[in-house]
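Residue-level structural notes
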Amino acid sequence: AQSVTQPDIHITVSEGASLELRCNYSYGATPYLFWYVQSPGQGLQLLLKYFSGDTLVQGIKGFEAEFKRSQSSFNLRKPSVHWSDAAEYFCAVGNDMRFGAGTRLTVKP
Amino acid sequence: DAGVTQSPTHLIKTRGQQVTLRCSPKSGHDTVSWYQQALGQGPQFIFQYYEEEERQRGNFPDRFSGHQFPNYSSELNVNALLLGDSALYLCASSLGTREQYFGPGTRLTVT
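Starting from 1, residues in each chain are numbered consecutively following that chain's sequence as written. In the order they appear in the text, chains get letters beginning with A and ligands get numbers beginning with 1. Confidence filtering applies because this is a predicted model: local features only for residues at pLDDT of at least 70, side-chain atom pairs given and counted only at 80 or more, and all residues used for totals across whole chains, interfaces and linings. The side-chain numbers reported here are obtained from all heavy atoms of the structure, hydrogens and water having been left aside.

1. Details of the overall build of chain A
The secondary structure listing takes helices from DSSP runs of H or I that are at least 4 residues long and strands from runs of E that are at least 2 residues long, numbered from the N terminus. Assigned secondary structure in chain A consists of 0 helices and 12 strands. Counting helices and strands in the order they occur from the N terminus, chain A gives β-β-β-β-β-β-β-β-β-β-β-β. The C-alpha radius of gyration of chain A comes to 13 Å, within 12% of the 13 Å expected for a compact globule of 109 residues. Structurally, chain A occupies a C-alpha span of about 40 × 30 × 20 Å along its principal axes. When accessible area is computed with a 1.4 Å probe and restricted to protein chains, residues below 20% of their type maximum are described as buried, those above 50% as exposed, and intermediate ones as partly exposed. Classification of the 109 residues of chain A by burial places 47% in the buried group. Contacts are assigned to residue pairs with any non-hydrogen atoms lying within 4.5 Å of each other. Contacts spanning at least 24 positions in sequence make up 53% of the contacts within chain A whose residues lie at least 6 apart. Between the two quantities, the radius of gyration covers C-alpha atoms and the globule rule is 2.2 Å times the number of residues to the power 0.38.

If you want it as structure tokens, here you go:
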């Protein structure tokens with residue numbers, strides 16, 4: 001069955017520290033892969049996407065993600081977190097956009 | 001360039017009633033998808049419309065129906081509302097199967 005797993009429900013990092021949010025998927029073939037961010041009470045904003053080609057993709061707000069076929073993973077990274085990055089992050093997979101349950105990021109001053 | 005817009009912003013309905021939510025896609029987009037996001041959860045795919053036809057459907061009952069108009073705007077209808085239908089309903093638009101852009105959502109409360 002197709003599924004998307006975000007193993008970390010909640011992550012807390014200090015401002016300026018690096019960040020990695022995990023995403024694993026189960027899919028029939030290499031799917032389209034996305035990361036979205038959602039601030040409280042808001043819609044979702046696309047951070048980055050992977051369709052094909054270079055497995056390291058750059059997104060907005062200094063985020064990047066790496067597709068690893070062998071691990072069925074698409075982890076999101078940022079080298080230095082800002083307080084404004086505090087939000088809910090969702091990984092999504094496929095044309096029908098199956099979403100993970102999300103990871104809530106808290107940033108400590 | 002206006003992004004995806006949704007109306008209304010908030011809505012309160014009573015069990016058993018019917019509701020219609022509306023979505024206007026981003027300019028240039030021809031595909032509209034609808035999602036239900038319950039509190040504390042990720043969005044769940046309801047269905048997708050392209051060329052005025054339902055192209056894909058998630059695991060939602062027939063109480064959930066939709067429509068796409070010639071101008072690509074879309075409506076989501078939910079009949080016989082249940083308490084469990086309370087959620088944020090998100091509309092997303094795309095050009096074909098490319099990345100989707102989301103609207104701010106409609107918060108539906110069923111009492």
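2. Regarding the confidence of the model for chain A
Of the residues in chain A, 99% have a pLDDT of 70 or more, and the chain-wide mean is 93. Predicted confidence in chain A is weakest over strand β11 (residues 98-99) of chain A, with a mean pLDDT of 90, and strongest over strand β3 (residues 19-21) of chain A, with 98. Every residue gets a pLDDT, meaning the predictor's confidence in that residue, from 0 to 100.

3. Details of the interface of chain A and chain B
Listed per partner, the contact involves 17 residues of chain A and 19 residues of chain B. Note on terms: buried area is the combined drop in 1.4 Å-probe accessible area of two parts once they are placed together, counting the loss on both. Buried area between chain A and chain B, both sides added, is near 1400 Å², and the carbon and sulfur share of it is 57%. The three residues of chain A that bury the most area against chain B are Leu 44, Asp 96 and Phe 99 of chain A, which together make up 29% of that side's buried surface. When a carboxyl oxygen of Asp or Glu lies within 4 Å of a side-chain nitrogen of Lys or Arg, that pair is called a salt bridge. Put simply, chain A and chain B have 1 salt bridge between them. Two residues, Lys 49 of chain A and Glu 99 of chain B, come together in a salt bridge whose shortest N-O distance is 3.4 Å. Pairing of N or O atoms within 3.5 Å defines a polar contact, subject to two protein rules: one partner must be a possible hydrogen donor and the other a possible acceptor, and residues neighboring in sequence count only if both atoms are side-chain atoms. Our count for the chain A to chain B interface comes out at 3 residue pairs in polar contact (both at pLDDT 80 or more). Contributions of two or more residues to the side of chain A that touches chain B are made by β5 (33-38) and β6 (44-50) of chain A.

4. Notes on the sheet that holds strand β8 (residues 74-78) of chain B
Residues and elements named next belong to chain B. If you trace the 4 strands from one edge of the open sheet to the other, you get β1-β3-β8-β7, paired in antiparallel fashion. The open sheet has two edge strands, β1 (5-7) and β7 (64-68), and neither has a second partner. Put simply, the sheet's adjacent strands are angled 20° from each other on average, direction ignored. In this sheet, β8 lies alongside β7 in antiparallel orientation, the contact comprising 5 bridges. For Gly 66, the partnering residue across the bridge sits in β8 and is Leu 76. For two strands to count as paired, DSSP must find a minimum of two bridges between them. Axis definition: a line fit to C-alpha positions, over the contact stretch in the case of helices; interaxial angles, taken between N-to-C directions, run 0 to 180 degrees.

5. Details of the environment of Gly 28 of chain B
All names here are of chain B. For Gly 28, the location among the structural elements is in the loop between β3 (19-24) and β4 (31-37). Here Gly 28 falls in the exposed class, since its relative accessible area comes to 58%. Through-space distance from the C-alpha of Gly 28 to that of Tyr 72 is 9.4 Å; in sequence the pair is 44 residues apart.

6. Observations concerning the state of the cysteines
Disulfides are covalent bonds that connect the sulfur atoms of two cysteines. By convention in this document, the label disulfide applies to cysteine sulfur atom pairs within 2.5 Å. All chains considered together, the criterion is met by 2 disulfides over all chains. Between the sulfur of Cys 23 of chain A and that of Cys 91 of chain A lies a disulfide, 2.0 Å long from S to S. Judged by the sign of its S-S torsion, about -60°, the bond between Cys 23 of chain A and Cys 91 of chain A is left-handed. Of this pair, Cys 23 of chain A sits in the loop between β3 and β4 (24-26) while Cys 91 of chain A is found in strand β10 (residues 87-93), placing the two residues 68 residues apart along the sequence. Across the pair, Cys 91 of chain A and Cys 23 of chain A agree in class, each one buried. One disulfide in the model links Cys 23 of chain B with Cys 91 of chain B; its S-S distance is 1.8 Å. Where Cys 23 of chain B bonds to Cys 91 of chain B through sulfur, the torsion about that S-S bond is close to -60°, and the disulfide is left-handed. Here Cys 23 of chain B is found in strand β3, whereas its partner Cys 91 of chain B is found in strand β9 (residues 87-94), with 68 residues between them in sequence. Taken individually, Cys 23 of chain B and Cys 91 of chain B each receive the classification buried, so the pair is uniform in this respect.

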